[in-house]
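Descriptive structure summary
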Amino acid sequence: MKLLFVASELAPYAKTGGLADVVAALPKTLARAGHDVRIVVPLYDTAKLDGVTLTQVAELTIPLGSHRYPVRVLALGTAPTIYFLHCPPLYARGRLYTSDADEHRRFLLLSYAALELCGRLDFAPDVVHCHDWQAALIPLLLKTIYARDRHLAGARSLLTIHNLNYQGGFPDSIGPDTNLTHVAHLFHQELLKAGRVNFLLQGILYADGVSTVSPTYAQEIQTPAHGAGLDGFLRARKTTVVGILNGVDYDEWSPENDRYLPARYSAADRSNKAICKQALVESLGLPYVPSAPVVGIVSRMASQKGFDLLGEVLPGLLQRNGFQLTVLGSGEPGLEDMFTRLQRAFPRQVCFYQGFSNKLAHQIEAGADMFLMPSRYEPCGLNQLYSLRYGTVPIVHKTGGLADTVRPWHPRTRTGTGFVFEHHDAAGVRWALQAALATYRDPPAWSRLIDNGMAADFSWDRQARRYEYVYEKLIGTDR
Ligand code: ADP
């Protein structure tokens, strides 16, 4: 199949979260299976491209309403080929996402340039795989402006929702920039009357297929509690909404071959995990106490992640249990402050590294004993999957992909891979942490728990086959 991926993130060049990992790994797996896969992403000024040679393959001019943007398209690699859109007036902002007045144009450009490029490259995709709101207007573009395009008339669209809460909502004054005013009746009319447009909603309405990143999240987003105002539209399309779990790129995330670790280990011989633990705590300025469990967190600091519960629970637990906590992340100031205060109150037990560091993310996965994800909701979650592979026991809220991937530990049957709490409140997370700490004090049980987790397989090969099946079904149906 010929597959065109359009997304705002791609690891390692442009990453704020899991989307980047998926857009890097899934095309790689599909290309290995023999498909012709191309990826189109913005070239942000923050992209680290040292030692990478890009080749210019096209120059485009993209009109958006009264604006015109020249774009140089720079290609990298084959199978899959990545096309970077070089357009400094839109992408040189020092970060991936902004709240600038032209934010909508930054990703309209991505959408239009991706489609225009198909003609230039003489590439007729069978499926345009659109990711999140940034590419969610593409299905409507395919059904209108590009409906008779030689390269795109036959293309089907799949919209994957990585997080329903980021929707790309804008005032209707941006309308002219979409170049779609002649088909304004195809925008959701009630919303338009209220003076708004919503890119993700337009995608849900017009994509040939809609998917999200875990089976449980696919169900949850069809309920008012998790539907972020769009559950009714998702329910209306329930026969086309599928949940496919993200996989793990084990080339990047395996303790056997992780280039960021001071020592490697495997399921067969985990002895070097202790070296990783010692190096982690010492590099963060904490004393190394072999018997003290280390809890890790690597995350965007967003209310979605449920860390507000920890402010109430952690001080008491840290005081009574003597464990250590290593936290990596940045985001909402209130959550950052909470971890800064914890670090001040428990300087020998807590280290909060504020920022983004892929290297430290790997070192925490390997060096920690437990990994904490009390997410309020979690479309899939990748860190719990990495944790399982690194023998780092996940402690998670039973929601979305966390519910689908972490099996609760049962001491009697010695089955399960982590600790799962059902009620998203302080008592829930306290119970789970206490259960994990108690099990840690029972070495045979703990060892079994780690073995169970390390044996779990979330490789992309299996998940990519599910996407293949969805693409094939889309190709076989009328548009
Ligand atoms: P989300 O996409 O909601 O942020 P996921 O669990 O799906 O959550 O993916 C998060 C990804 O981003 C993981 O690869 C994680 O290691 C990475 N990550 C998050 N915060 C940081 C950080 N501060 N430094 C390095 N990597 C981070």
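All figures in this text were calculated on a predicted structure; none of them were measured in a lab.

Procedures and definitions
- Starting afresh in each chain, residues are numbered from 1 along the sequence in its written order.
- Side-chain atom pairs in this predicted model are given and counted only at pLDDT of 80 or more, local residue features only at pLDDT of at least 70, and totals for whole chains, interfaces and linings cover all residues.
- Hydrogen atoms and water are omitted, and side-chain values are computed over all heavy atoms in the structure.
- Residues are classed as near a molecule or strand on a simple rule: at least one heavy atom within 4 Å of it.
- For this analysis, a polar contact is any N or O atom pair within 3.5 Å, provided that within protein one partner can donate a hydrogen and the other can accept it, and provided that sequence-adjacent residues contribute only side-chain to side-chain pairs.
- With residues, only the protein chains shown are counted as cover, and all accessible areas are computed by Shrake-Rupley using a 1.4 Å probe.
- Secondary structure elements are defined from DSSP: runs of H or I of at least 4 residues count as helices, runs of E of at least 2 residues count as strands, and each element is numbered from the N terminus.
- Each domain span listed reflects an automatic or database assignment of domains.
- We call two residues in contact whenever any of their non-hydrogen atoms come within 4.5 Å of each other.
- Joining two parts hides part of their accessible area as seen by a 1.4 Å probe, and the buried area is that hidden amount summed over both.
- Here, a salt bridge means any side-chain nitrogen of Lys or Arg that lies within 4 Å of a carboxyl oxygen of Asp or Glu.
- Whether two strands pair depends on DSSP finding at least two bridges between them.
- Note on geometry: axes are C-alpha line fits, over the in-contact stretch for helices, and angles between N-to-C directions span 0 to 180 degrees.
- Both site types are read off a 1 Å grid over the protein atoms alone. A 1.4 Å probe that fits but cannot get out defines a cavity, while an open set with protein on both sides within 12 Å along at least five of seven lines defines a pocket; lining residues have an atom within 4 Å of a point.
- Grid points are joined across faces, edges and corners, and a volume is the space filled by probe spheres set on the points.
- Any residue outside Ala, Val, Leu, Ile, Met, Phe, Trp, Tyr, Cys, Pro, Asp, Glu, Lys and Arg is labelled polar, Gly included; the first ten of those are nonpolar and the last four are charged.

Right, let's get into the site of the ligand. Around the ligand sit 20 residues, and of these K15, G18, R300, K305 and G355 come closest. G18 has a polar backbone atom sitting 2.7 Å from an oxygen atom of the ligand. K305 places a polar side-chain atom, nitrogen or oxygen, 2.8 Å from an oxygen atom of the ligand. When isolated, the ligand has an accessible area of 560 Å², and the protein chains bury 93% of it. Ranked by residue count, the leading element in the shell around the ligand is strand β12 (residues 294-301), at three residues.

Right, let's get into the domain arrangement of the protein chain. How big an interface is tends to be reported as the loss of accessible area on association of its parts. Each domain of the protein chain was delimited in the assignment, giving domain 1 (2-247 + 461-476) and domain 2 (273-457). Using only C-alpha atoms to locate each centre, domain 1 and domain 2 end up separated by 33 Å. The interface is formed by 19 residues belonging to domain 1 together with 18 residues belonging to domain 2. Around 1400 Å² of area is buried between domain 1 and domain 2 when both sides are counted, 54% of it from carbon and sulfur atoms. Between domain 1 and domain 2 we count zero salt bridges in total. Our count for the domain 1 to domain 2 interface comes out at 11 residue pairs in polar contact (both at pLDDT 80 or more).

Another aspect to go through is the sheet that holds strand β7 (residues 156-161). In spatial order, the strands read β3-β4-β5-β2-β1-β6-β7-β10-β11; together these nine strands make up an open sheet with mixed pairing. Of all strands in the sheet, those bounded by a partner on one side alone are β3 (55-64) and β11 (241-243). The sheet shows a mean angle of 25° between the axes of neighbouring strands, taken without regard to direction. Judged from the three bridges that link them, strand β10 (residues 209-212) and β11 form a sheet pairing that is parallel. Counted as the bridge partner of S211 is V242 from β11.

Gaps left between atoms show up when a probe the size of a water molecule is rolled over them. Volume-wise, the second largest pocket comes out at about 290 Å³. The wall of the second largest pocket is formed by 17 residues, among which T239, T240, V242, V470 and K473 lie closest to the centre. Broken down by element, the lining of the second largest pocket gets its largest block of residues, five residues, from helix α17 (residues 460-475). Among the residues forming the lining of the second largest pocket, the class breakdown is seven nonpolar, five polar and five charged.

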